[in-house]
Amino acid sequence: MRQRRASYATICGWIVDAWAMIPSSCIGRAFTKSTLKRNRSVSPI
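Every chain is numbered on its own, with residues counted from 1 as its sequence reads. A pLDDT threshold of at least 70 governs which residues receive local features in this predicted model, and a stricter bar of 80 or more applies before side-chain atom pairs are shown or counted, although totals over entire chains, interfaces and linings include all residues. The basis for every side-chain value is the complete set of non-hydrogen atoms in the structure, without hydrogens or water.

Q: I'm lost on the overall build of the chain in this one. Help?
A: A helix here means a DSSP run of H or I that spans at least four residues, while a strand means a run of E at least two residues long, and both kinds are numbered starting from the N terminus. Along its length, the chain carries three helices and zero strands. When the elements of the chain are put in sequence order from the N terminus, they spell out α-α-α. Only protein chains enter the accessibility calculation, which uses a 1.4 Å probe; a residue whose area is less than 20% of its type maximum is buried, one above 50% is exposed, and one in between is partly exposed. Per-residue burial over the chain gives 0% buried out of 45 residues. Exposure was quantified through the Shrake-Rupley algorithm and a 1.4 Å probe, taking into account, for residues, occlusion by the shown protein chains and nothing else. Split by element, the accessible area of the chain, about 4800 Å² in all, is 63% carbon and sulfur.

Pasting the structure below:
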């Protein structure tokens, strides 16, 4: 039996749920370790 493709609404719900499970401290540490936070004074192109 073939499976049906998930709707866009279902996929978006999965993404929202996955992001909600990530602690904000984890996201903050990731930005601290990346250049995104360090290069904040650089103006976007």
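Q: What exactly am I supposed to notice about a nonpolar patch on the surface here?
A: A patch consists of residues whose relative accessible area exceeds 30% and which take part in no salt bridge; residues with like charges are grouped when within 9 Å of each other, and nonpolar side chains (Val, Leu, Ile, Met, Phe, Trp, Tyr) when within 5 Å. Each salt bridge in this description consists of a side-chain nitrogen of Lys or Arg and a carboxyl oxygen of Asp or Glu lying within 4 Å of one another. A surface patch of nonpolar side chains, amounting to about 690 Å² of accessible area, comprises Tyr 8, Ile 11, Trp 14, Ile 15, Trp 19 and Ile 22. With respect to the helices and strands, Trp 19 occurs in helix 1 (residues 8-21). Under the relative-accessibility criterion, Trp 19 is labelled exposed at 54%.

Q: What exactly am I supposed to notice about helix 1 here?
A: Given 3.6 residues per turn, any residue in an α-helix points the same way as the ones three and four places further on. Here the expected span of a helix is defined as 1.5 Å times the quantity of residues minus one. Taking 1.5 Å per residue, 14 residues should reach 20 Å; helix 1 reaches 20 Å between its end C-alpha atoms and fits that length. Of all the 14 residues making up helix 1, zero are buried; the element is thus mostly uncovered.

Q: Got a minute to help me understand the confidence of the model for the chain in this structure?
A: Low pLDDT means the predicted atomic positions in that stretch should not be read closely. What pLDDT reports is the predictor's confidence in each residue, on a scale of 0 through 100. When pLDDT is averaged along the chain, the result is 83, and 76% of the positions lie at 70 or above. Taking the mean pLDDT of every element in the chain, the minimum, 60, falls on helix 3 (residues 35-38) and the maximum, 97, on helix 1.

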